[in-house]
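The chain contents come next:
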Amino acid sequence: MFPALQSLHFHEFKRAEAWIAVALLAVVIRALLRIRQIKPADIAETGNNKDARTSSTASSHSFQMPVPPPYPDWSLETTKPLPYRAFRYGPKYNITMGLRSLAPIEWIELDNHFPKFHAEKAQRLLERGDKCVKTAPDAYPAAMELLQELTDYLPARYPSLYRRTAVGIDNLWSGESLNITEVPLHEDPMAMCARLVQDDLALMLEQPDGQYRLLAGAILLAGFWRLSDKFGMTLPKIHTSGNVPHFKEKLQSGMVKFFQRLRSDTFYARNNYFIQVDDELAWSPSIGGEDEPVVSWGTAEKNKAIEHHFFRSERQTLRRLPKTGAVCFTIRTYFLPIT
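Conventions adopted
Residues numbered from 1 in each chain as written. Predicted model: local features only at pLDDT ≥ 70, side-chain atom pairs only at ≥ 80, totals over all residues. Heavy atoms only, no water. Helix = DSSP H or I, 4+ residues; strand = E, 2+ residues; numbered from the N terminus. Buried < 20%, exposed > 50% of the residue type's maximum accessible area, 1.4 Å probe, protein only. Lys, Arg positive; Asp, Glu negative; His and termini not counted. Salt bridge = Lys/Arg side-chain N within 4 Å of Asp/Glu carboxyl O. Polar contact = N/O pair within 3.5 Å; in protein donor to acceptor, adjacent residues only side chain to side chain. Contact = heavy atoms within 4.5 Å. Core = buried A, V, L, I, M, F, W, Y, C linked by side-chain atoms within 4.5 Å. Pairing = 2+ DSSP bridges. Axes fitted to C-alpha atoms, helices over the stretch in contact; angles between N-to-C directions. 1 Å grid on protein atoms, 1.4 Å probe; cavity = no way out; pocket = protein on both sides within 12 Å on 5 of 7 lines; lining within 4 Å. Points joined across faces, edges and corners; volume = space filled by probe spheres on them. Nonpolar A, V, L, I, M, F, W, Y, C, P; charged D, E, K, R; others polar.

Details of the side chain of Asp-200
So, point 1. When you line up the elements, Asp-200 lands in strand β6 (residues 200-206).
So, point 2. Buried within the structure, Asp-200 lacks any salt-bridge partner; Lys-121 is the closest side chain of opposite charge, at an N-O distance of 4.5 Å.
So, point 3. Within the local environment of Asp-200, its side chain forms a polar contact with the backbone nitrogen of Leu-220, the two atoms lying 2.9 Å apart.
So, point 4. Among the polar contacts listed, one links the side chain of Asp-200 to the backbone nitrogen of Ala-222, at a separation of 3.4 Å.
So, point 5. Excluding residues that lie within four positions of it along the chain, Asp-200 makes contacts with Lys-121, Ala-218, Ile-219, Leu-220, Leu-221, Ala-222, Phe-329, Thr-330 and Ile-331.

So, the side chain of Asp-111
So, point 1. The topology assignment puts Asp-111 in the loop between β1 (100-102) and α5 (114-128).
So, point 2. Classification of Asp-111 by relative accessible area gives buried; the value is 2%.
So, point 3. When residues no more than four places from it in sequence are discounted, the contact partners of Asp-111 are Trp-74, Leu-76, Thr-79, Lys-80, Pro-81, Gln-198, Arg-332 and Tyr-334.

Quick look at the nonpolar core
So, point 1. Counting residues in each nonpolar core, the largest one holds 51 residues, and the members touching the most others are Leu-110, Leu-146, Leu-150, Leu-154, Met-190, Leu-196 and Leu-203.
So, point 2. Only α5, α6 (140-157), α7 (189-196), β6, β7 (212-218) and β8 (267-276) provide two or more residues apiece to this core.
So, point 3. Of the residues forming this core, the biggest block, seven residues, is contributed by α6.
So, point 4. In contact with Leu-110, other than residues within four places in its own chain, are Trp-74, Thr-79, Leu-154, Tyr-158, Leu-161, Tyr-162, Val-197 and Gln-198.

With respect to the sheet that holds β6
So, point 1. Spatial strand order, β1-β8-β9-β10-β6-β7-β2: seven strands in an open sheet with antiparallel pairing. Unpaired on one side and paired on the other, β1 and β2 (133-135) mark the two borders of the sheet. Strand-to-strand, the axes of this sheet are offset by a mean angle of 35°, without reference to chain direction.
So, point 2. Sheet topology note: the β6/strand β10 (residues 327-337) ladder contains five bridges and is antiparallel. Its bridge partner being in β10, Asp-200 is matched across the sheet by Ile-331.
So, point 3. Sheet strands touched by α7: β2, β6 and β7. Its angle to β6, the strand with the most contacts, is close to 140°.

Regarding empty space enclosed by the protein
So, point 1. Under the definition given, this model contains one cavity of 30 Å³ or more.
So, point 2. In this model, the largest cavity occupies a volume close to 40 Å³.
So, point 3. Along the walls of the largest cavity sit Tyr-162, Ile-169, Asp-170, Asn-171, Glu-176, Leu-178, Arg-195 and Leu-196, which together make up its complete lining.
So, point 4. Mapped by element, the contributors of at least two residues to the lining of the largest cavity are β4 (168-171) and α7.
So, point 5. Considering each element in turn, the lining of the largest cavity owes the most residues, three residues, to β4.
So, point 6. Residues of the lining of the largest cavity, tallied by class, amount to four nonpolar, one polar and three charged.

Topic: the sheet that holds strand β5 (residues 177-179)
So, point 1. The strand order across the open sheet built from three strands is β3-β4-β5, with neighbouring strands paired in antiparallel fashion. Two strands lie at the open edges of the sheet, namely β3 (162-164) and β5, each paired on one side alone. Direction aside, the axes of adjacent strands within the sheet are offset by 20° on average.
So, point 2. Packed onto the sheet, α6 meets β3 and β4 and runs at close to 115° relative to β3.

Concerning the pattern of salt bridges
Opposite charge on two side chains permits them to pair, given that their charged atoms come into close proximity.
So, point 1. Following the criterion strictly, the structure yields 13 salt bridges and no others.
So, point 2. Note that Arg-164 is salt-bridged to Asp-152, the shortest N-O span being 3.2 Å. With a gap of 12 residues between them, Arg-164 in strand β3 and Asp-152 in helix α6 connect regions that are remote in the sequence.
So, point 3. Residue class for Arg-164 comes out partly exposed when judged on its relative accessible area of 36%.
So, point 4. Judged by relative accessible area, which is 40%, Asp-152 ranks as partly exposed.
So, point 5. Linking Arg-263 and Asp-265 is a salt bridge whose minimum nitrogen-to-oxygen distance equals 2.8 Å.
So, point 6. Exposure remark for Arg-263: the relative accessible area of 14% places this residue in the buried category.
So, point 7. Since its relative accessible area comes to 33%, Asp-265 is described here as partly exposed.
So, point 8. Each of Arg-124, Arg-128, Lys-131, Glu-290 and Asp-291 takes part in salt bridges that share partners, so that together they form one network.

By themselves, these figures tell us nothing about what the structure is for.
So, in C-alpha cells, the structure goes:
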C-alpha cells in the first residue's frame, strides 16, 4: 500500500477508493470523447498517403452543400469589391500556402464589377474559345457537377441576380437562360460555369498514381498564364513551370499532402498578389503577346512610372466536389492602381 494511504481508517480508505474510481472513469470518458472527435484526415496523419486519400473520398459522398442565405444587402450597383491585401508588414516574411478555412456559404463572391467581368469573359469566349476553356473526357462528370453546384448555389446567395429554373438558371441582369439538362449541352460546361461568376475556374483530378492533374478549366482572366500551357500538368509541375518563388523548398510537400487530405465538407481560401505594369485584366500585354511562345514576368516592360503600376490580387477558394472527388479552384481577381 502507498504510504499516503497507510494511516487511513477503513471508511476513509473506501472514500479514497471511490474517488480514484471516479478519476479513472473520467480519464476513460475523456479518451473516448477524444477518439470520437478525431477526423478521418487526422487519422490519416499516422498512415500512408493511400489512407489519407481513402478517408477523403469516404467523406465526399456524405456531404451536401448547405443552402446559403442571401448575401446581406447585395446590389449589382452598390456592392463594392472587398479590399483584400495579401501581405503584411515585415521584417520577417514567411512563405506559406496562406490557407484559411472558409464557410461554405461564402464560396463565391460577386459585386458591382460583375458586368465588366461578364463582358470580358463573353468576348474572350468568342475570340479565343478552346484556348481558354477545355474539359478532358475524364473530367466531364466533374465539370457537370460544378455546373450543378453553381446552379443551386447562386440563386440562393444572389437572388436579385439569378433565378433557378426547371432546366437550369436565368441571369436576370443579362437575360441569359442556361439549360444544364439538355444533351448535348450548348457549350462546354466549364464555359457555362465561367459565365455565371467573376472567377476563373479549374478542376484537378486525382490519377491512379496519386498525382492531381489539371483536366478541366475556364481560364479567361488570368493575366499572366495560359490554360493551353498548363492543361494536363500535375500540381507541382504547374507551379514549377511558372517559377513560383520558393515552391519546391517551402510549399510543394505541404501542398501535395493538403490535396490528398482535403475533405468535401471543408472549404479553404487564400490570397496572392502581383505587380502589373498595365491595366488589362484578361491578359497583361506588358509581358508580350498572348500567342507569343515565351512570355513571363521577366519580359515585362521596365522603368515605367508609378502611375502605370497596378496591384493585382487573387482570392482563390479550394474545395473537393462531393460526388466526383475533383478539387475545384475558383480564382477571383481584384485589381487596383498602386497609387
